[in-house]
Amino acid sequence: MPHEISPVSDRANSVVIVGAGIVGMSAAYFLSQAGWRVTVLDQGAPASGATGAADGAVSVASKKAGPLMTLAVAGAQFYQDLCDAGVLDGEFVRRLTYVVATEPNELPVLDRHATQLREAGVTLRALSKAERDQALGSLAPTTRAAIEVQGDGHAIGYKVVERFRRIGGFAVKRNVAVQGLWRQAGKVAGVETEQGIERADAVLVAAGRGSAAFLDVADVIRPRKGQLIITERGEGIVPRFPGPLMSCRYLISKGSQPGGDAPAGRSFGLVIDPLQTGQFLIGGTREDSADGSQTDIEAVRRLLQEAVELVPALARLRVLRVFAGIRAATRDGLPIVGRLSAHENVWIATGFEGDGICLGPLMGRVSQQLISGAHVNVDISALNPARFRAEAAA
């Protein structure tokens, strides 16, 4: 994707962005580069929400076929483009992902997912047992099949946010709670905050769960909690593998593939990610809960049990940290990106759930293109916020 930035419109030149996560800060960077005067407001600090609690996966391998998989392919490539352009150099690394089947009923899930990835243009290969043993020697011998997915990557969300802040030349105001849109002469002319009015020609809402207050349809954005585990370093204990291991159960828990019998409101899907520090990240849960501060022993026990069943050597490592975060999910599982139809100068980009790191820079660029009135390089028609109004009217 080209890195050209469309110039600011003659009719407008200031924008307020509500939310300093990866989407909002990416949009701030691109808008600033296009000549807009940008102010970012956050009720806390940059990357203090879902972006700061994310696992860093820029993953195509985990996506559901359709708009999300297509956008993920473009999102991973856009990271590479930004690295090549010197914008995010050092903040993104390409890597492989291994999707693994361990039970007989997971084999058709793996086959179906591999077909869908290939149809989306993703390069992958099925691994023979000998190839699995060579690349992933620490897997349990009961492993039935695995595919190697190319084109994935890793980026630490808060580092990407800080890079955009440092090079962007825009203002970021912390600890400012936005109370709503501010109108003058019948038109949105900024936002109301607890500290006063922040005037702007355009407004972008990228506030995660906080974006719900700006929608005119109820129960669209929902909190979804995830619990993750960090182990001690495994050098000399657990043989390294060159990329994250993703169980087919993860695809089922995320809704990328049908199947499973997870209880309503809580599901488990296993990913084991070898971190650059030598530690392992093990996750995770998907829970309909707004309590992001609490972890629980049952979730940790189950995740560790499944991790050890897949990679037995992990049983020799200690757990150093368990944490949780809240992501903004939507009713239909797709993000919300586009102009709010009730206003000619208010846009929204939210509801990315666990895909915010993968799609963040791309959606920031898309937001800049939308606000500038420029051509949008990717198809975001399925993300239009108007779909919920149409659904409510039906």
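Fair warning: this is a prediction, and the values are worked out from it, not measured in the lab.

Parameters at a glance
Residues numbered from 1 in each chain as written. Predicted model: local features only at pLDDT ≥ 70, side-chain atom pairs only at ≥ 80, totals over all residues. Heavy atoms only, no water. Salt bridge = Lys/Arg side-chain N within 4 Å of Asp/Glu carboxyl O. Helix = DSSP H or I, 4+ residues; strand = E, 2+ residues; numbered from the N terminus. Buried < 20%, exposed > 50% of the residue type's maximum accessible area, 1.4 Å probe, protein only. Phe/Tyr/Trp six-rings, centres within 6.5 Å; stacked < 30°, edge-to-face > 60°. Axes fitted to C-alpha atoms, helices over the stretch in contact; angles between N-to-C directions. Parallel < 35°, antiparallel > 145°, perpendicular 65-115°, else oblique. Contact = heavy atoms within 4.5 Å. Nonpolar A, V, L, I, M, F, W, Y, C, P; charged D, E, K, R; others polar. Pairing = 2+ DSSP bridges. Core = buried A, V, L, I, M, F, W, Y, C linked by side-chain atoms within 4.5 Å.

Chemist: Got a minute to help me understand the pattern of salt bridges in this structure?
Modeler: Opposite charge on two side chains allows them to pair when their charged atoms are near. For the coordinates displayed, the defined rule picks out 23 salt bridges. Asp89 is the salt-bridge partner of Arg163, the closest N and O atoms lying 3.2 Å from each other. With a gap of 74 residues between them, Arg163 in helix 6 (residues 157-168) and Asp89 in the loop between helix 3 (67-84) and strand 4 (93-101) connect regions that are remote in the sequence. A residue is classified by how much of its surface remains accessible, and Arg163, at 12% relative accessible area, is buried. Arg165 is paired through a salt bridge with Glu162; the nearest N and O atoms lie 2.7 Å apart.

Chemist: When you look at the packing of aromatic side chains in this model, what are you seeing that I'm missing?
Modeler: Working definition: an aromatic ring pair is given by the centre-to-centre distance plus the angle between the planes. One pass over the full model with this rule turns up six aromatic pairs. Residues Tyr29 and Phe30 carry aromatic rings whose centres are separated by 5.1 Å and whose planes lie at 75° to one another, so their mutual orientation is edge-to-face. We classify Tyr29 as buried; its relative accessible area is 6%. On the basis of an interplanar angle of 35° and a centroid distance of 5.7 Å, the ring pair of Phe30 and Phe78 is categorised as tilted. Of the two residues, Phe30 sits in helix 1 (residues 22-33) while Phe78 sits in helix 3, which places them 48 residues apart along the sequence. Note on Phe30: relative accessible area 0%, which makes it buried. Taking relative accessible area as the criterion, Phe78 reaches 1% and is therefore assigned buried. Taken together, the aromatic side chains of Tyr29, Phe30, Phe78 and Phe164 make up a single cluster linked through ring pairs.

Chemist: Help me understand the packing of helix 3 against helix 9 (residues 356-372), please; the structure alone is not making it clear to me.
Modeler: Relative placement of two packed helices is described by the angle separating their axes and the distance separating the axes. Closest axis-to-axis distance for the helix 3/helix 9 pair is 8 Å, and the angle between their directions is 75°. Here helix 3 lies roughly perpendicular to helix 9, going by the angle between them. Each of Leu68, Leu71, Ala72, Ala74, Gly75, Phe78, Tyr79 and Leu82 in helix 3 lies in contact with helix 9, whose residues at this interface are Ile357, Cys358, Leu359, Pro361, Leu362, Met363 and Arg365. Looking at the contact of helix 3 with helix 9, its residues break down into 13 nonpolar, one polar and one charged.

Chemist: Help me out: how do you make sense of the sheet that holds strand 9 (residues 187-193) in this one?
Modeler: Consider a sheet: its strands pair through backbone hydrogen bonds, and that pairing is either parallel or antiparallel. In spatial order, the strands read 8-9-10; together these three strands make up an open sheet with antiparallel pairing. In the strand order of this sheet, the two ends are held by strand 8 (178-184) and strand 10 (196-199), each with one partner. Taken pair by pair, the neighbouring strands of this sheet meet at an average axis angle of 35°, ignoring direction. Pairing of strand 9 with strand 10, which is carried by four bridges, proceeds in the antiparallel orientation. Bridge pairing in strand 10 places Gly190 opposite Arg199.

Chemist: Which parts of the structure should I look at to understand the sheet that holds strand 18 (residues 346-350)?
Modeler: Read across the sheet, six strands follow the order 7-2-1-11-18-17 without closing on themselves; strand pairing throughout is mixed. In the strand order of this sheet, the two ends are held by strand 7 (171-173) and strand 17 (336-339), each with one partner. Geometrically, the sheet is characterised by an average inter-axis angle of 15° between neighbouring strands, direction not taken into account. Taken strand by strand, helix 9 contacts strand 11 (202-205), strand 17 and strand 18, and its axis lies near 15° from that of strand 17.

Chemist: Is there a simple way to think about the nonpolar core in this case?
Modeler: As a rule of thumb, soluble globular proteins bury nonpolar side chains together. Core analysis: the largest hydrophobic core is formed by 72 residues, its most contacted members being Ile17, Val38, Tyr79, Val99 and Met363. With nine residues, helix 3 is the single largest residue contributor to this core. Contacts of Tyr79, omitting those with residues within four sequence positions, involve Ile22, Val58, Leu88, Phe92, Ala155, Val160, Ile357, Cys358 and Pro361. Core analysis: the second largest hydrophobic core is formed by 24 residues, Leu245, Phe268, Ala307 and Leu314 among them.

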